[in-house]
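Geometric and topological summary
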Amino acid sequence: MPLCPLCREVIGPAEDRVVTPDFLADESDPFWPFANAAIHRPCFLVWEHRKAFVARYNRVARQLVREDGRFPFMTSEGEIVYRLPGGP
């Protein structure tokens, strides 16, 4: 079972979690341990770096455009949704 990189506790199969995409290539990036990771949602929601992490993901994700023009967008709660350019 995965460990939450924020609290270092096991994430049980029934626990609410945020699963972050693998979006960073630089292992020296301070957000590297949190990319491609499962994180307890309660931990993620109170993480002091959550807003910066979400903003960083969204900057990178704008370049990951699908054939239909949509791109992934992470909400402040850690959900990934797909948006069209110029959309909400």
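First, a word on scope: everything that follows refers to the structure included in this document. (Residues numbered from 1 in each chain as written. Predicted model: local features only at pLDDT ≥ 70, side-chain atom pairs only at ≥ 80, totals over all residues. Heavy atoms only, no water.)

**Structural notes on the overall build of the protein chain**
Per the secondary structure count, the protein chain includes two helices and four strands. Taken along the three principal axes of its C-alpha coordinates, the protein chain extends 40 × 30 × 25 Å. Put simply, the protein chain has 88 residues, and 36% of those count as buried. Excluding contacts between residues fewer than 6 apart, the proportion of contacts in the protein chain whose partners are at least 24 apart in sequence is 38%. In the form shown here, the protein chain has an accessible surface area of approximately 5600 Å², with 54% of it arising from carbon and sulfur atoms. Positive and negative side-chain charges of the protein chain, numbering 11 and 12 respectively, have mean locations separated by a distance of 6 Å. (Helix = DSSP H or I, 4+ residues; strand = E, 2+ residues; numbered from the N terminus. Buried < 20%, exposed > 50% of the residue type's maximum accessible area, 1.4 Å probe, protein only. Contact = heavy atoms within 4.5 Å. Areas by Shrake-Rupley, 256 points an atom, 1.4 Å probe, with all protein chains shown as cover. Lys, Arg positive; Asp, Glu negative; His and termini not counted. Charge placed at Lys NZ, Arg CZ, Asp CG, Glu CD.)

**Some thoughts on the nonpolar core**
Side chains of nonpolar character tend, in soluble globular proteins, to be buried together. With 18 residues, the main nonpolar core has Phe44 and Phe53 as its most contacted residues. Only strand E2 (38-40), helix H1 (41-46) and helix H2 (50-61) provide two or more residues apiece to this core. The element best represented in this core is H2, accounting for four residues. Here Phe53 is in contact with Thr20, Phe23, Phe31, Phe34, Ala35, Phe44, Trp47 and Met74, once residues within four sequence places are set aside. (Core = buried A, V, L, I, M, F, W, Y, C linked by side-chain atoms within 4.5 Å.)

**A look at the pattern of salt bridges**
For the structure shown, the criterion picks out four salt bridges. Here Arg41 ties to Glu79 by a salt bridge, and the two come within 2.8 Å at their closest N and O atoms. Here Arg41, found in helix H1, pairs with Glu79, found in the loop between strand E3 (71-74) and strand E4 (80-83); they are 38 residues apart in sequence, far enough to count as distant. In this structure Arg41 comes out as buried when scored by relative accessible area, which is 12%. (Salt bridge = Lys/Arg side-chain N within 4 Å of Asp/Glu carboxyl O.)

**Remarks on the pairing of E3**
As defined by bridge partners, E3 adjoins E4 across four bridges and the pair is classed as antiparallel. Residue pairing in the sheet places Phe73 in a bridge with Val81 of E4. The antiparallel hairpin formed by E3 and E4 contains five residues in its connecting segment, where Gly78 sits at a positive phi of about 95 degrees. (Pairing = 2+ DSSP bridges.)

**A look at the state of the cysteines**
Taken as a whole and judged by the stated rule, the model has zero disulfides. Of all cysteine sulfurs, the one in Cys7 lies closest to Cys4, which takes part in no disulfide; the gap is 3.8 Å. You can call Cys4 buried: its relative accessible area is 0%. Of all cysteine sulfurs in the structure, the one in Cys43 sits closest to Cys7, which takes part in no disulfide; the separation is 3.8 Å. (Disulfide = S-S within 2.5 Å.)

**A closer look at the packing of aromatic side chains**
Scanning the model with the defined rule gives eight aromatic pairs in all. A centroid spacing of 4.6 Å and a plane angle of 50 degrees characterise the contact between Phe34 and Trp47, whose relative ring orientation is tilted. Of this pair, Phe34 sits in the loop between strand E1 (17-19) and E2 while Trp47 is found in the loop between H1 and H2, placing the two residues 13 residues apart along the sequence. Judged by its relative accessible area of 13%, Phe34 falls in the buried class. (Phe/Tyr/Trp six-rings, centres within 6.5 Å; stacked < 30°, edge-to-face > 60°.)

By themselves these figures say nothing about function.
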